[in-house]
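Examining the three-dimensional arrangement
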Amino acid sequence: MKEADYYESTNGVVVMVEPYSQKEQIQQVVYRILDANLDRTREGLRIIEEWCRFGLNNVQLAGECKYLRQELAKWHTAEIRAARDTVGDIGTELSHPQEEQRSGIKSLLQANFCRVQEALRVLEEYGKLHNLNMGKAFKQMRYRVYTLESNLMGYQRHQLLWRSHLYLVTSPSDTLLATVESALKGGLTLLQYRDKNADDTVRLEQATKLRQLCHAYGALFIMNDRVDLALAIDADGVHLGQQDMPIAMARQLLGPQKIIGRSTTNSEEMQKAITDGADYIGVGPIYETPTKAGKAAAGLEYVRYAAQNSPIPWFAIGGIDANNINDVIDAGAERVAVVRSLMQAEQPTLVTQYLLSQLNRVKPQQESIQN
Ligand SMILES: Cc1ncc(COP(=O)(O)OP(=O)(O)O)c(N)n1
Ligand SMILES: Cc1nc(C(=O)O)sc1CCOP(=O)(O)O
Ligand SMILES: [Mg+2]
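Residues numbered from 1 in each chain as written. Chains lettered and ligands numbered in written order. Predicted model: local features only at pLDDT ≥ 70, side-chain atom pairs only at ≥ 80, totals over all residues. Heavy atoms only, no water.

**Details of the site of ligand 1**
Rule in force here: The rule for a residue being near a molecule or strand is that one of its heavy atoms must lie within 4 Å of it. Counted as a polar contact is a pair of N or O atoms within 3.5 Å, where, for protein atoms, one must be capable of donating a hydrogen and the other of accepting one, and residues adjacent in sequence contribute only when both atoms are in side chains. Where accessible areas are quoted, they stem from the Shrake-Rupley method and a 1.4 Å probe; at the residue level, only the protein chains shown are allowed to cover. The residue classification treats Ala, Val, Leu, Ile, Met, Phe, Trp, Tyr, Cys and Pro as nonpolar and Asp, Glu, Lys and Arg as charged. All others, Gly included, are polar.
Contacts to ligand 1 come from 13 residues, most closely from Gln192, Arg194, Lys196, Ser263 and Lys292. For ligand 1, an oxygen atom lies 2.9 Å from a polar atom in the side chain of Asp225. One of the side-chain nitrogen or oxygen atoms of Ser263 is found 2.7 Å away from an oxygen atom of ligand 1. For ligand 1, whose free accessible area comes to 420 Å², the fraction covered by protein is 90%. Grouping the constituent residues of the shell around ligand 1 by class yields two nonpolar, six polar and five charged.

Right, here's the structure in full:
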């Protein structure tokens, strides 16, 4: 705030500066707050926009960031800018260790969304002191930013699903976390927590730890069977079998951004899963397996059908291991899900790397088409 009475020398001429009235002093402070938070919002949006533009090549998301920046600029008037006093701002030296830490793009985006939303809230509250419409405009903008965040995070999640070729479904294990971490180190990007017998307290505890671990490695975390637990621990999605909750009901509970997977054993189930809005499907069991004892094998014929007919990602599952994965790939699979191959592996990192290397290899027919 300015001193009450003081003199200022301009071009050698001594002039007396009229002291601000108390009302004017408060107005100057409000302008400084508005100025700082308009800048903060614009900078945060720009950081998010760059990722939408260069990282995702997504015109809609980048366009929305740009639109919000332009709306913001309309409020950044000359009188608000004139109140800026960077030298006298005691806040420029303040920082928090968390501001220095960014574990990846997701944490960078989340930190900047947080910054933008906080700044918009400040603009909304202090803006009301300046102009009633400003409060309303920034409230609307804050809701638009929430929608942008949800769309962007959902988009990233679905992109990662499409990029995932190996899916580990867990089984109960004394070394659950260590095994999963080994697979993540090998490049795993998709994990499902499956324990058919544990108590919910145990499930919640293990799922929370696994979700944190997956996110630390930039991998997706899916909950088997249980929409309520998926919601409780903020999983990336849920996997539902034919006997589990209908997809439409799960979608209502989870919203459009979360992933819903569906098991299928034949073409009818596959077509229904697709029309019901599944994000991916399980295709199996390809071979009979003790992990799902008593379920008849659907066989490689069903893999061939899926390869020709599924417009969404699908994972061949059931009895797949390092010895037979190439038969499954040759039948048309680009993605597989496994339990025992990784959960019982002595070196899950190496097995993950091997399975991924097979899934990533260029298939002979594709090679000949390209040449
Ligand atoms: C990727 C994937 N595909 C299929 C299944 C099996 O789901 P479901 O039929 O519901 O059987 P349970 O796993 O619940 O025993 C799956 N879990 N994951
Ligand atoms: C959980 C599950 N679902 C299947 C299905 O076909 O829907 S097969 C399966 C178990 C797969 O385990 P493994 O890799 O140890 O054979
Ligand atoms: Mg199930």
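**Focus: the confidence of the model for the protein**
Detailed reading of predicted coordinates is not advised where the pLDDT is low. Operational definition: Confidence of the predictor in every single residue is expressed as pLDDT, which spans 0 to 100. Here a residue-residue contact requires only that any non-hydrogen atoms of the pair lie within 4.5 Å.
Residues with a pLDDT of 70 or more make up 87% of the protein, whose mean pLDDT is 91. Note that pLDDT drops below 50 for residues 366–371; the model gives that stretch two contacts with residues more than four away or on any other chain.

**Remarks on the domain arrangement of the protein**
Basically, it comes down to this: Throughout, the edges of the domains are those of an automatic or database domain assignment. Once two parts are put together, the accessible area they lose, assessed with a 1.4 Å probe and summed over both, is termed the buried area. Each reported salt bridge corresponds to a side-chain nitrogen of Lys or Arg within 4 Å of a carboxyl oxygen of Asp or Glu. By the criteria applied, helices consist of DSSP H or I runs no shorter than four residues and strands consist of E runs no shorter than two, each listed in order from the N terminus.
What the domain assignment lists for the protein is domain 1 (22–158) and domain 2 (164–370). The gap between the C-alpha centroids of domain 1 and domain 2 is 39 Å. With seven residues of domain 1 at the interface, the matching set in domain 2 holds eight residues. Buried surface at the junction of domain 1 and domain 2, summed over both partners, amounts to about 630 Å²; 42% is from carbon and sulfur atoms. The largest share of the area that domain 1 buries against domain 2 comes from Lys106, Arg157 and His158, three residues that together contribute 79% of it. Across the pair Arg157 and Asp236 runs a salt bridge, and its minimum N-O distance is 2.9 Å. Top element by residues in the side of domain 1 that touches domain 2 is helix H6 (residues 132–163). It accounts for six residues. Considered class by class, the residues forming the side of domain 1 that touches domain 2 number one nonpolar, four polar and two charged.

**Overview of the site of ligand 2**
If you check the shell around ligand 2, you find 13 residues, and the closest are Pro285, Thr289, Thr291, Gly319 and Arg340. Between ligand 2 and Thr291, the relevant distance is 2.6 Å, taken from an oxygen atom to a side-chain nitrogen or oxygen of the residue. Between ligand 2 and the protein, one listed contact pairs an oxygen atom with a side-chain N or O atom of Arg340 at 2.8 Å. Within the complex, 94% of the 430 Å² of free accessible area of ligand 2 lies under protein.

**Thoughts on the sheet that holds strand E8 (residues 280–283)**
As a reminder, the rule being used: We treat two strands as partners when DSSP finds at least two bridges between them. With axes taken as lines fitted to C-alpha atoms, and helix axes fitted only over the stretch in contact, angles between N-to-C directions fall between 0 and 180 degrees.
One closed barrel accounts for eight strands, arranged E3-E4-E5-E6-E7-E8-E9-E10; its pairing is parallel. Adjacent strand axes in the sheet meet at a mean angle of 25° when their direction is disregarded. Sheet topology note: the E8/strand E9 (residues 314–317) ladder contains three bridges and is parallel. Within E9, the residue paired with Val283 across the bridge is Ala316. Across the face of the sheet, helix H11 (residues 267–276) comes into contact with strand E7 (259–264) and E8 while running at roughly 165° to E7.

**Regarding the side chain of Thr264**
Relative to the helices and strands, Thr264 resides in strand E7. Apart from residues lying up to four places away in sequence, Thr264 is in contact with Gln242, Glu269, Met270, Ala273, Ile281, Gly282, Val283, Gly284 and Tyr302.

**Describing the packing of aromatic side chains**
Selection criterion: Here the aromatic set is Phe, Tyr and Trp, taking the six-membered ring for Trp, and pairing holds for ring centres within 6.5 Å; pairs whose planes are under 30 degrees apart are stacked, those over 60 apart are edge-to-face, and all others are tilted. Only protein chains enter the accessibility calculation, which uses a 1.4 Å probe; a residue is then buried when its area is under 20% of its type maximum, exposed when over 50%, and partly exposed in between. Any Lys NZ or Arg CZ found within 6 Å of a ring centre and within 35 degrees of that ring's normal is scored as a charge over the ring.
Counting across every chain of the model gives six aromatic pairs. Geometrically, the ring pair formed by Tyr280 and Phe315 is edge-to-face, given 5.5 Å between the ring centres and 85° between the ring planes. Residue Tyr280 is found in strand E8, and its partner Phe315 is found in strand E9; the two are separated by 35 residues along the sequence. With a relative accessible area of 1%, Tyr280 lands in the buried category. Both rings, one in Tyr302 and one in Tyr305, keep their centres 6.4 Å apart while their planes meet at 20°; by these two values the pair is stacked. Placement of both Tyr302 and Tyr305 in helix H12 (residues 299–309) is noted, with a separation of three residues, approximately one turn of the helix. Judged by relative accessible area, Tyr305 falls into the partly exposed class, the value being 26%. Taken together, the ring pairs connect Tyr167, Tyr280 and Phe315 into an aromatic cluster. Just above the ring of Tyr143 sits the side chain of Arg142; from NZ or CZ to the centre is 5.3 Å.

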